[in-house]
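Commentary on secondary and tertiary structure
Here's the letter readout for the chains.
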Amino acid sequence: MQKIEINTPEPEKALPVLRDAIERQKRVLYQSLTQTQDRIQELASRLNVNPDLLLAGKVPHPENQDMDLLELEGELEILRHLREQLESLEHLKICP
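Read on for an overview of the structure.

Here we look at helix 1 (residues 11-47)
- With 37 residues, helix 1 ought to run about 54 Å at 1.5 Å a step, and its terminal C-alpha atoms sit 53 Å apart, in line with that.
- All of the buried residues in helix 1 are L15, I22, K26, L29, L33, T36, I40, L43, A44 and L47.
- If you follow the buried residues of helix 1, they end up packed against helix 2 (51-55) and helix 3 (66-90).
- Phi turns positive one or two residues past the end of helix 1, at N48, with a value near 55 degrees.

The structure is reproduced here in C-alpha cells:
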C-alpha cells in the first residue's frame, strides 16, 4: 500500500473531517449501488436478458431492443465502476 500525506497545522480538526467525508462518500456509493442494481434488475427483467450473458457478448441485439440493451450495458459498467470506488474506500485507512 502507498501512503498519502496531508500537512495541516491542526490535525485534530482535520482528522474528523476526513473520516466524515470518507464515510459520507461510502454512503453515497452504497445508495448509488442500490439504485443501479435496481435499474439493472428492472431492465434485465423487462428485456428478459441475463446481464452476465450480455456482458459476455452472447446476447443478440435485435434492432427493436438495441437502445435498451445498450442502456443495460451502460448500467452494468456504472455498477462495475461504483464497486471499484467503494472497494478503494473500504481499503482506505487514516493513520494519524
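From this point, the discussion proceeds with the structure in view.
Structural notes on the nonpolar core
- By size, the foremost hydrophobic cluster in this structure holds 17 residues, and its most contacted members are V49, L54 and L72.
- Only helix 1 and helix 3 provide two or more residues apiece to this core.
- For L54, the residues in contact, after removing those within four places along its chain, are V49, V59, H61, L69, L72, E73 and L76.

Describing helix 3
- Here helix 3 contains 25 residues, and its C-alpha end-to-end distance of 36 Å stays within 8% of the 36 Å for a straight helix at 1.5 Å per residue.
- For helix 3, the complete set of buried residues consists of L69, L72, E75, L76, L79, L82, L86 and L89.
- On its buried side, helix 3 packs onto helix 1 and helix 2.

A word on the pattern of salt bridges
- As enumerated under the stated definition, the model contains 10 salt bridges in all.
- Between R39 and E71 there is a salt bridge whose closest N-O contact spans 2.3 Å. Of this pair, R39 sits in helix 1 while E71 is found in helix 3, placing the two residues 32 residues apart along the sequence.
- Assessed through its relative accessible area of 28%, R39 is described here as partly exposed.

Quick notes on a nonpolar patch on the surface
- Residues I4, I6 and L18 make up a contiguous nonpolar surface patch of about 320 Å² in total accessible area.
- Assignment of secondary structure puts I4 in the segment before helix 1.

Considering the environment of P96
- With respect to the helices and strands, P96 occurs in the segment after helix 3.
- For the pair P96 and E12, spaced 84 residues apart in sequence, the C-alpha to C-alpha distance is 8.9 Å.
- Ignoring anything within four residues of it in the chain, the contact list for P96 reads L15 and R19.

Analysis parameters
- Residues numbered from 1 in each chain as written.
- Predicted model: local features only at pLDDT ≥ 70, side-chain atom pairs only at ≥ 80, totals over all residues.
- Heavy atoms only, no water.
- Helix = DSSP H or I, 4+ residues; strand = E, 2+ residues; numbered from the N terminus.
- Expected span 1.5 Å × (residues − 1).
- Buried < 20%, exposed > 50% of the residue type's maximum accessible area, 1.4 Å probe, protein only.
- Contact = heavy atoms within 4.5 Å.
- Core = buried A, V, L, I, M, F, W, Y, C linked by side-chain atoms within 4.5 Å.
- Salt bridge = Lys/Arg side-chain N within 4 Å of Asp/Glu carboxyl O.
- Patch = residues over 30% accessible without salt bridge, like charges linked within 9 Å, V, L, I, M, F, W, Y side chains within 5 Å.
- Areas by Shrake-Rupley, 256 points an atom, 1.4 Å probe, with all protein chains shown as cover.

Fair warning: the whole summary comes from geometry, so function is off the table for now.
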